[in-house]
There are 2 protein chains.
Amino acid sequence: MKNILVIGAGRSSSSLIKYLLDHAEAEGWKVSVGDMNLDLAKSKVNGSAHGEAFELNALDEVQRSKALLNVDLVVSMLPARFHIEVAKECIEKRIPIITPSYISEEMKALDEAAKEAGVILLNEIGVDPGIDHLSAKKILDEIDDQNGEMLAFESFTGGLIAPESDDNPWNYKFTWNPRNVVLAGQGGAAKFIQEGQYKYIPYHKLFRRTEIIEIDGYGKFEGYANRDSLKYRDVYGLEDIPTIYRGTFRRVGFCRAWNYLVQLGMTDDSYTIEDSENMSYREFTNAFLAYSRHDSVELKLRYQLKIDQDDPIYDKLEWLGLFSERKVGLKNATPAQILQKILEEKWSLKDDDKDMIVMWHRFVYRVSDGLKEIHSSMVYIGQDDVYTAMSDTVGLPVAICAKMILNGTIKLTGVRLPIEKEIYLPVLKELETFGIKFNEKEVEAKLY
Amino acid sequence: MKNILVIGAGRSSSSLIKYLLDHAEAEGWKVSVGDMNLDLAKSKVNGSAHGEAFELNALDEVQRSKALLNVDLVVSMLPARFHIEVAKECIEKRIPIITPSYISEEMKALDEAAKEAGVILLNEIGVDPGIDHLSAKKILDEIDDQNGEMLAFESFTGGLIAPESDDNPWNYKFTWNPRNVVLAGQGGAAKFIQEGQYKYIPYHKLFRRTEIIEIDGYGKFEGYANRDSLKYRDVYGLEDIPTIYRGTFRRVGFCRAWNYLVQLGMTDDSYTIEDSENMSYREFTNAFLAYSRHDSVELKLRYQLKIDQDDPIYDKLEWLGLFSERKVGLKNATPAQILQKILEEKWSLKDDDKDMIVMWHRFVYRVSDGLKEIHSSMVYIGQDDVYTAMSDTVGLPVAICAKMILNGTIKLTGVRLPIEKEIYLPVLKELETFGIKFNEKEVEAKLY
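Just so we're clear, the structure is a prediction, and the values are computed from it rather than from any experiment.

Q: Looking at this structure, I do not really get the nonpolar core. What am I missing?
A: Membership of the largest hydrophobic core comes to 64 residues, with the highest contact counts inside it found for W170, F249, W258, L261, L301, L317 and W347 of chain A. It is helix α11 (residues 254-264) of chain A that provides the largest number of residues to this core, a total of 8 residues. Core analysis: the next-biggest nonpolar cluster, separate from the first, contains 63 residues, A162, V181, F323 and V328 of chain B among them.

Here it is in structure tokens:
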């Protein structure tokens, strides 16, 4: 009998815990789920004979140490900044650990210690980061096997609303942390390299420099640049690649409208608005417009943003309720916090809504017989409002890796990303059985 | 004999030190000038029998304690963040201290201790802050004496190039710290209140929401909003004023052109540019423009910023050298640092150039017989490249206050601003003898 400890039973843990419980009997596992919220942990274990739910504050040293007794593998689904203490104690106790989060500098520094302890600390094995690594590295290794020279790599991922649930003018709903969506792109310019030239896009221009991508059967998407595309050169062994660009997908038209909220200043999280609690949404909007005794907030906004009155963008803004008399009701709130509240009233998933993950990679490379180009895409629609596309694509790779570590298929040690063949091939293969499948096609190669 | 210690002999200390030395014989002063750079201190003392120059690192505890022996008054012209240690030791030793800088929270916290020690820590007594306080508070107190109700207060100051030295298409040269000019407006939205409505302008829109002001005999200026106009409500006792707005003057047309540099992302100081040392100004500009194999940097810039080819703005940008092959030559530089270098080559004062300080206040208030409006303006042109308008307007109020503290005219203690009648009346009066004079006029009152 092997003991698995899952820390954190939030939305993104649903599919992970279900997989572990579904495989527990065959694999000989016991699955313990610890969360600050006992009811949440219980709901995810759902009475399974192979599972156990308990209350756990993983930041409390005593509780954590007790929870780690007799554990064979830990999955940490905590917010990224909280993994490190768990990871340190896992190394001490020689327990392998998996997290879906980006490797922090602190985590990276544990590599030597983890190797000495003979355990793996596997990170970035959710969807993005995660499935993007698996699917990209597979093709990059195939190109490498042909002695191909990589000339361009582009990669986009989006967490979106499924077409059957897409019923609003933004073609968008929150399928993930709303705060991250509101703040997306802030904190420095987006950096990438194109044909050997470094390019920088400041935040206030980010949503006007988009790229349109069509995916067979799903129509057009637009992508805006992620903060730092350059760091993926090291991760993927593409140090000398002349073009690398990573971005985030939205439905076409989203970014042009979102840009107006950015231009107004509504996404700013750096200061608080005076008396935000008692202001209306309309007053919030007016706070970013020039004063006028006579003109309406609507006309001032159209004038300041230069929006024609018959431009459908204007309907998007009005539909959000930016001109309504509804009260903000948040004390000492930043513009971004107020905007998030306004958006949550409009962009939250309804009970029967389904979400969708869209991923797309483009590879341009040179082999002895000329230039080649491959597109690889994956579209995955969630099952319901618990087993969402986000929950499946984050949780299933984590769960599959848990199985492979416990049964000895993955023998690596140290702080790792899922970029090794012994990880990505079996994980991609098993993901296909869940319908998470990449469609690869060769197209006529084109540079710029 | 009274001993005055001036710490810091930089550009802004020239007029201050000259005043103190000029008055030393009559007042019975000895003026010691300490600076890290002994030659600089010597050049400012200029061989005067009443002065002494010495090398001083005011952050070194031992050197500082020695320098403060037998001193009757300290003027700290250090960068603002370094005043605090000097101030603490001055209180211990019961020495009054004057700084032209904004009061920091740490400085404010010394109020009680300074009062107990019976000494004054007089701050914000340069030009802006400084002369703005003196001249505004004088009129505000006069309005208060008439039981007037203040309805609007606006105030703008600019450090500019004098008309006779204005020979470039931007009508601007650096007359003060260039880095502060490049970063002006960053670090949060500009806040003010207009007719009771709070208004917020995000940085990327700051230079498009300007106000045009005409000053008799000097033509038109444009003002953009300062970071926080609201804090002046407390300072001036205007807690309930419905409109308060403070800003910075430029010549008309500057802001529209500067905005293009902001839009490109060239004023960003939050990240470094890859291989900045070896890039040309042209490549720097191109780093903010979309990639194209064929199009010129010039055309891409005009297209991205939507500038007509015959728009004079374009000449301003080209004149800066943004398209030149000149090398940046700065390692690991931020965009803002590179832009500063480019601008310094074009906007530095020539030997015989004169600078100009322009200040303008507007007061709208209600008295028993109706609405009134007063405009108060001051334009002051520097004498040469040492006794600049900036040096005179910063240094003379400091020097006059030094005299008034030493001769007992100012009897206040504690951490102070120059907003008391016993300070502003005599200082304004003596400034007039130097030609630093406000022109007050009543105009037809107008709100919005």
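Q: Would you explain the pattern of salt bridges in this entry?
A: Under the counting rule described, the total for this entry stands at 60 salt bridges over all chains. K108 of chain A serves as the salt-bridge partner of E105 of chain A, at 3.6 Å between the closest nitrogen and oxygen. In this pair, E105 of chain A and K108 of chain A both sit in helix α6 (residues 105-108), 3 residues apart, roughly one turn of the helix. On the basis of relative accessible area, E105 of chain A is assigned to the exposed category, the value being 61%. A salt bridge links D311 of chain B to R256 of chain B, with the nearest nitrogen and oxygen atoms 3.0 Å apart. With D311 of chain B in the loop between α12 (297-305) and α13 (312-319) and R256 of chain B in helix α10 (residues 254-264), the pair connects residues that are 55 residues apart, well separated along the chain. Overall, the relative accessible area of 13% leaves D311 of chain B in the buried class. Taking the relative accessible area as the measure of exposure, R256 of chain B reaches 31% and is therefore partly exposed. One connected set of salt bridges, linked through shared partners, spans D167, K173, K350 and D353 of chain A.

Q: What should I look at first to understand unusual backbone geometry in this one?
A: Note: most residues except glycine have negative phi, and most peptide bonds are trans. The omega torsion across D128 of chain A and P129 of chain A is 15°, close enough to zero to call that bond cis. Located in the positive-phi region is K306 of chain B, a residue other than glycine, with phi close to 55°. Here K306 of chain B shows up in the loop between α12 and α13.

Q: Which parts of the structure should I look at to understand the domain arrangement of chain A?
A: When the parts come together, some accessible area is lost, and that loss is often what is quoted as the size of the interface. Residues and elements named next belong to chain A. By the assigned domains, chain A splits into domain 1 (2-122) and domain 2 (131-256 + 351-443). With centres defined by C-alpha atoms, the gap from domain 1 to domain 2 works out at 26 Å. Per-residue buried area on domain 1 facing domain 2 is highest for Y19, I120 and L122; these three make up 24% of the total on that side. Inspection of the region where domain 1 meets domain 2 yields 0 salt bridges. Linking domain 1 to domain 2 there are 10 residue pairs in polar contact (both at pLDDT 80 or more). Elements with a contribution of two residues or more to the side of domain 1 that touches domain 2: β1 (2-7), α1 (14-22), β4 (73-76), α6, α7 (111-117) and β6 (120-122). Considering each element in turn, the side of domain 1 that touches domain 2 owes the most residues, 6 residues, to α1. In terms of residue class, the side of domain 1 that touches domain 2 is built from 20 nonpolar, 5 polar and 8 charged.

Thresholds, definitions, all that
Residues numbered from 1 in each chain as written. Chains lettered and ligands numbered in written order. Predicted model: local features only at pLDDT ≥ 70, side-chain atom pairs only at ≥ 80, totals over all residues. Heavy atoms only, no water. Core = buried A, V, L, I, M, F, W, Y, C linked by side-chain atoms within 4.5 Å. Buried < 20%, exposed > 50% of the residue type's maximum accessible area, 1.4 Å probe, protein only. Helix = DSSP H or I, 4+ residues; strand = E, 2+ residues; numbered from the N terminus. Salt bridge = Lys/Arg side-chain N within 4 Å of Asp/Glu carboxyl O. Domains from an automatic or database assignment. Buried area = accessible area lost by both parts, 1.4 Å probe. Polar contact = N/O pair within 3.5 Å; in protein donor to acceptor, adjacent residues only side chain to side chain. Nonpolar A, V, L, I, M, F, W, Y, C, P; charged D, E, K, R; others polar.

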